[in-house]
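Each chain, written out:
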Amino acid sequence: MQEVSELIPTLFDQRTRPDPYPCYAALREREPVPLATGRGVMLGSFASCLAALRDRRLSSDRTVSWAYSGDPAATTSRPEIQSLLFSDPPDHTRLRRLMSHAFTPGMVERLRAFVRARIDDLIDAAAPAGRIEVVGGLAYPLPLSVIGHMLGVPGSDMKWLHARSMVLPRAFDPAMAAFGTPPPGHAERMVAEREMNAYFLELGRRRLRSPGDDLVSELAMVSADGDRLSERELADNCRLLLNAGHETTVNLIDNTLLALLRHPREAERLRADPHRASAIVEETMRWDSPVQILQRFVPRDLRFGEVDLRAGDIVVLLTAAAQRDPAAFADADAFLPDRTDGRHLGFGFGAHFCLGAALSRMELGLLAPRFFQRLVGPVLDESSVRYREQVALRGLTRMDVDFTDVRPRELAWPL
Ligand code: HEM
């Protein structure tokens, strides 16, 4: 068995990306694993990760940690960011309440027809070639166009925003926590973040002057008990929605289709019964989750279970390890959509539970059955599969699928 000090470097090693789960298992068995910086721990069991997400003494505000409290230029995110994801009550409660007013189940439902049309367009575009590169041809364009449409971003701006948004996901890798250095590409990320924020600041102002039928307008106008989002809050949270709303869903599309193509019996069962889509998506969220790692920060000295944490420490939660914990799941390493113990932490838990969970469930619930309904004889080209470099967000950069024919888009939708 590897020394405990070697496990975290192994986790970050690119050779671990295709299958990080043995490394997660080793880290889970040794929890709490001290971070090399001496400022915090990694947790990997389901019970500990859940307890940490429930523990109101732990903070989502990274500026309370040693790593992000010093020179802002050395941090992976500017401390003044007023985003939902990085705030605690009472600020978080207030922001979440205002954003939830605009981000409703009705709004998600209204996108259903748009999502269906987009899925069929993307499948039609791949049809003549008899081969689809799933990541570039389906997984990216679908959620990106959905979130762009929802926010009311002009189509002509999407390419510009997407290029900037592509450099941000590595900010979620816990390299600062583990090694005391930001993940690669830090300077580029800071520039992209600033440019995107300036873009949304301007878009928010335009929508305030002349509102449209979109989420930025709704968020600009939303008010509760006389309270409103400030210009800065609007810009920071629209950027959050753009990033959170597509990178993660891209990875869920990759991971769900890959799981089905590698489990052809499950794909066949889905074709026969499209209602199985929901169970398949939830099992992918557990078994090969788009978000593998979360972080929490320690505002003041406290005892968490058997661990003494000091103010400024960081707690790294290996939620993907927790979701394969044999103490919480029977046959934890198997992909079993029929399992009854499938509760997962893939959308987080508690106060910060993902605001877009219903939207991505809807997208996947339509896409997965339609893919196997319209594509005839889809076969994965295993040699084409490439994983992303990121540690905290898991997905692919390439996956080619061959098929013999495509059934017409006039075919009734399975769901
Ligand atoms: C499969 C797709 C998705 C996954 C796996 C995912 C995962 C997560 C997770 C794990 C959190 C909690 C983070 C924490 O506790 O620190 C979260 C929060 C959040 N997500 Fe998602 N997400 C997805 C899609 C979306 C979409 C489509 C949107 C918006 C359009 C979105 C918007 C948000 C927002 C705004 C938060 C912050 C909530 C808060 O702090 O109160 N997410 N997401």
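Residues numbered from 1 in each chain as written. Predicted model: local features only at pLDDT ≥ 70, side-chain atom pairs only at ≥ 80, totals over all residues. Heavy atoms only, no water.

With that out of the way, let us pick up the overall build of the protein. In terms of regular secondary structure, the protein is built from 18 helices and 13 strands. Against the 2.2 N^0.38 benchmark of 22 Å for 415 residues, the protein shows a C-alpha radius of gyration of 21 Å, consistent with a compact globule. Each of the three principal axes of the protein carries a C-alpha extent, and together these read 60 × 60 × 35 Å. Taking the intrachain contacts of the protein between residues at least 6 apart in sequence as the baseline, contacts between residues at least 24 apart amount to 75%. Carbon and sulfur atoms form 55% of the exposed surface of the protein, whose accessible area is close to 17000 Å². Averaging the positions of the 52 positive and the 56 negative side-chain charges in the protein gives two centres separated by 2 Å. (Helix = DSSP H or I, 4+ residues; strand = E, 2+ residues; numbered from the N terminus. Rg over C-alpha atoms; globule rule 2.2 N^0.38 Å. Contact = heavy atoms within 4.5 Å. Areas by Shrake-Rupley, 256 points an atom, 1.4 Å probe, with all protein chains shown as cover. Lys, Arg positive; Asp, Glu negative; His and termini not counted. Charge placed at Lys NZ, Arg CZ, Asp CG, Glu CD.)

So, about the sheet that holds strand β11 (residues 379-387). Strand order in this open sheet of three strands is β3-β12-β11, and the pairing throughout is antiparallel. A strand with exactly one partner marks an edge of an open sheet, and here the two such strands are β3 (131-133) and β11. Going across the sheet, the axis of each strand differs from the next one's by a mean of 10 degrees, ignoring polarity. Where β11 and strand β12 (residues 396-402) come together, five bridges link them in antiparallel fashion. Looking at β12, one finds that L380 is bridged to V401. (Pairing = 2+ DSSP bridges. Axes fitted to C-alpha atoms, helices over the stretch in contact; angles between N-to-C directions.)

Looking now at the coordination of the iron atom of the ligand. For the iron atom of the ligand, the protein contributes exactly one donor atom, C354 (SG), at 2.3 Å. Mapping C354 onto the fold places it in the loop between α17 (319-322) and α18 (357-374). (Donors = N, O, S within 2.8 Å, 3.2 Å for Na, K, Ca; no water.)

L151, F200, L215, L219 and M399 are the most contacted members of the largest nonpolar core, which has 84 residues in total. No other element matches helix α14 (residues 231-262), which puts 14 residues into this core. If we skip the residues at most four places from it in the chain, L219 touches M99, A102, L229, L234, C238 and L241. (Core = buried A, V, L, I, M, F, W, Y, C linked by side-chain atoms within 4.5 Å. Buried < 20%, exposed > 50% of the residue type's maximum accessible area, 1.4 Å probe, protein only.)

Contact pair helix α10 (residues 155-165) / helix α12 (residues 186-209): the axes reach a minimum separation of 9 Å and the direction vectors enclose 145 degrees. The hand of the α10/α12 crossing is left-handed. Residues D157, W160, L161, R164 and S165 of α10 form the contact with α12, whose participating residues are A192, E195, M196, Y199 and F200. Taken together, the residues of the contact of α10 with α12 sort by class into six nonpolar, one polar and three charged. (Left-handed = near helix turned anticlockwise from the far one by under 90°. Nonpolar A, V, L, I, M, F, W, Y, C, P; charged D, E, K, R; others polar.)

In the vicinity of the ligand lie 28 residues, with H92, R96, R296, H352 and C354 positioned nearest. For the ligand, an oxygen atom lies 2.6 Å from a polar atom in the side chain of H92. Contact distances for the ligand include 2.7 Å between an oxygen atom and a side-chain N or O atom of R296. Of all elements in the fold, only α5 (91-102), α14, β6 (294-297) and α18 reach the threshold of two or more residues within the shell around the ligand. No other element matches α14, which puts seven residues into the shell around the ligand. Class assignment for the residues of the shell around the ligand results in 17 nonpolar, nine polar and two charged. (Near = heavy atom within 4 Å. Polar contact = N/O pair within 3.5 Å; in protein donor to acceptor, adjacent residues only side chain to side chain.)

Moving on, we get to the packing of helix α1 (residues 4-12) against helix α2 (residues 21-29). With their axes 10 Å apart at the nearest point, α1 and α2 run at an angle of 150 degrees to one another. With respect to α2, the element α1 is oriented roughly antiparallel. Where α1 crosses over α2, the handedness of that crossing is left-handed. Listed contacts from α2 to L7, I8, T10 and L11 of α1 are C23, Y24, A26 and L27. Its residues assigned to classes, the contact of α1 with α2 shows seven nonpolar, one polar and no charged. (Parallel < 35°, antiparallel > 145°, perpendicular 65-115°, else oblique.)

Our focus in this paragraph is α10. Where α10 is concerned, the buried positions are D157, M158, L161, H162 and S165. All buried residues of α10 lie within an arc of 140 degrees about the axis, which places them on one face of the element. Seen from the open side of α10, the exposed residues pointing more than 90 degrees away from its buried face are S156 and K159. Looking at the packing, one finds that the buried side of α10 touches α9 (141-151), α12 and α14. (Arc of directions from axis to C-beta.)

What follows is about the environment of P105. Relative to the elements of secondary structure, P105 occurs in helix α6 (residues 105-110). With 253 residues separating them in the primary sequence, P105 and A358 have C-alpha atoms 7.4 Å apart.

Taking every second residue as pointing to the same face, both faces of strand β2 (residues 40-43) are buried, with G40 and M42 on one and V41 and L43 on the other. Inspection of the sheet shows strand β1 (residues 33-34) paired to β2 by two bridges, in the antiparallel sense. Of the residues in β2, the one forming a bridge with V33 is M42. A loop of five residues connects β1 with β2, the two strands running antiparallel in sequence, and G38 in this loop sits at a positive phi of about 75 degrees. Pairing of β2 with strand β9 (residues 314-317), which is carried by four bridges, proceeds in the parallel orientation. Paired with V41 across the two strands is V315, which belongs to β9.

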